[in-house]
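# Examination of the molecular architecture
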Amino acid sequence: MTAILEVQKLRTRFKTDYGKVAVVDGVDFSIKEGETLGVVGESGCGKSVTSLSIMRLLAGNGSSEGHIFYEGKDLLQISEKQMQKIRGNDIAMIFQEPMTSLNPLQTVGRQIEESVLLHRKSSKAEAKKRAIEMLKAVGMPRPDEIYGEYPHQLSGGMRQRVMIAMAMSCEPKLIIADEPTTALDVTIQAQILELMQKVKEETNTSIMLITHDLGVVAEMCDRVIVMYAGQVVEEADKYELFENPKHPYTIGLMNSVPDLDEEVEFLETIPGSVPLAHQMPTGCRFAPRCSKAMPICHEQEPELFKLQDQQCRCWLYAEGV
Ligand SMILES: Nc1ncnc2c1ncn2[C@@H]1O[C@H](COP(=O)(O)OP(=O)(O)OP(=O)(O)O)[C@@H](O)[C@H]1O
Ligand SMILES: [Mg+2]
């Protein structure tokens, strides 16, 4: 399988009161065609910033270095105009809270229509037809009526479906979904995930799925990257990751998953907290919290060591396994 997206040495920094701080610091990963890549890690580790860096939608005080190759083009090098073509057309993003990305003053039908018109050559009538088709495809009841309704008239689950319909309407090759179901209740969440899965199977779309929920990872993903303090600390096939986690942080994450199928914040079992971006420890960033830490861990930063089936940023695996 060829990679549709290849992120290399991505470093994203923000200007802050502490100076310029790197909140994403040397991130490498790729997404293959038709693959769902999960991105996990506790709050603040840089998942959203990574996705916003790919879309070039960072806040004004942020900037990225490194490479983000999409179909041979480095997204960090192309013009804003070229990037606009790629957003929505090739790469679409679904956010956690759809209300912030839907226009409250415009009917949902018009918004989908506009996204169709922006990216495809089609007549208004065709765009409208497509908008209604998309609403139907995402399982909206009464799509003809919903077409004329405003975002505030819809429930959270319905708004998220509208976002997905918008994202899908241009048949993107890659969807970046940042906690797409976190704000929804469990049944709606299951429906939305099922819908994304269906769309993916029908169109061979690749998905980068950011989530706090390891249950969602188990359900949806092929491969997973685990992030900690702005870096990838482990990368593995989903089954490998669940059955044989390597990095002590990943092991901690796995242990903090309860047996019951309920949502629980990460890391109840890992003491301490994530270091702040302007106060990164020397050596391994996880070492201050790690029960397996050795002297070298406090001195020298480990690279992402390549193991047989996974990669792991931990000195325990420096010699391979
Ligand atoms: N515009 C900004 N200026 C300064 N710092 C920022 C900015 N945006 C994000 N950050 C910081 O970057 C770090 C990573 O944030 P990010 O939103 O990517 O975390 P996350 O992994 O998505 O967390 P969550 O799981 O809570 O969504 C955080 O420490 C955050 O405070
Ligand atoms: Mg986030």
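Our subject is the structure listed above.
Residues numbered from 1 in each chain as written. Chains lettered and ligands numbered in written order. Predicted model: local features only at pLDDT ≥ 70, side-chain atom pairs only at ≥ 80, totals over all residues. Heavy atoms only, no water.

### Details of the packing of helix H5 (residues 124-137) against helix H7 (residues 156-169)
Look at H5 against H7: their axes get within 9 Å of each other, and the N-to-C directions meet at 125°. By the angle between their directions, the pair H5 and H7 is classed as oblique. The two elements H5 and H7 cross, and the hand of that crossing is right-handed. Where H5 abuts H7, its residues Arg-130, Met-134 and Leu-135 lie against Val-162, Ala-165, Met-168 and Ser-169. Considering only residue class, the contact of H5 with H7 consists of five nonpolar, one polar and one charged. (Axes fitted to C-alpha atoms, helices over the stretch in contact; angles between N-to-C directions. Helix = DSSP H or I, 4+ residues; strand = E, 2+ residues; numbered from the N terminus. Parallel < 35°, antiparallel > 145°, perpendicular 65-115°, else oblique. Left-handed = near helix turned anticlockwise from the far one by under 90°. Contact = heavy atoms within 4.5 Å. Nonpolar A, V, L, I, M, F, W, Y, C, P; charged D, E, K, R; others polar.)

### With respect to the sheet that holds strand E10 (residues 231-237)
Read from one edge to the other, the open sheet built from eight strands follows the order E6-E7-E8-E3-E9-E10-E12-E11, with strand pairing classed as mixed. Two strands in the sheet have a free side with no partner beyond their single neighbour: strand E6 (91-94) and strand E11 (305-306). Relative to strand E12 (residues 310-312), E11 runs antiparallel, the two being bridged by two bridges. Considered in E12, the bridge of Phe-305 is made with Cys-312. (Pairing = 2+ DSSP bridges.)

### Overview of the packing of aromatic side chains
This model, assessed by the stated rule, comprises four aromatic pairs. Both rings, one in Tyr-228 and one in Phe-286, keep their centres 5.1 Å apart while their planes meet at 80°; by these two values the pair is edge-to-face. Taken as a pair, Tyr-228 in strand E9 (residues 223-228) and Phe-286 in the loop between helix H11 (248-255) and E11 lie far apart in primary sequence, 58 residues in all. Look at Tyr-228 and you get buried, because its relative accessible area is 1%. When the ring of Phe-305 is compared with that of Trp-315, the centres are 5.5 Å apart and the planes differ by 55°; the resulting orientation is tilted. On the criterion of sequence distance, the pair formed by Phe-305 in strand E11 and Trp-315 in the segment after E12 is long-range, its members being 10 residues apart. Side by side, Phe-305 and Trp-315 carry an identical accessibility label, which is buried. Through a chain of ring-to-ring contacts, the aromatic side chains of Tyr-228, Tyr-249 and Phe-286 assemble into a single cluster. (Phe/Tyr/Trp six-rings, centres within 6.5 Å; stacked < 30°, edge-to-face > 60°. Buried < 20%, exposed > 50% of the residue type's maximum accessible area, 1.4 Å probe, protein only.)

### Some remarks on the side chain of Glu-179
Note that Glu-179 resides in the loop between strand E7 (174-178) and helix H8 (186-203). Here His-212 takes part through its side chain, which lies 2.6 Å from a polar atom of the side chain of Glu-179. When sequence neighbours within four positions are dropped, the list of residues in contact with Glu-179 reads Lys-47, Gln-96, Ile-210, Thr-211 and His-212. (Polar contact = N/O pair within 3.5 Å; in protein donor to acceptor, adjacent residues only side chain to side chain.)

### Section: the sheet that holds strand E5 (residues 73-74)
Here we have four strands laid out as an open sheet, ordered E2-E1-E4-E5, and antiparallel in their pairing. If you trace the sheet from one side to the other, it starts and ends with strand E2 (19-32) and E5, each paired once. Set on the sheet, helix H1 (residues 47-55) makes contact with strand E1 (3-16), E2 and strand E4 (62-70); between it and E1 the angle comes to about 110°.

### Points about the nonpolar core
Counting 58 residues, the largest nonpolar core has Ile-112, Met-140, Val-162, Ile-164, Met-196, Leu-209 and Tyr-249 as its most contacted members. The element contributing the most residues to this core is H7, with eight residues. Membership of the second largest hydrophobic core comes to 32 residues, among which are Met-55, Ile-68, Ile-91 and Ile-210. (Core = buried A, V, L, I, M, F, W, Y, C linked by side-chain atoms within 4.5 Å.)

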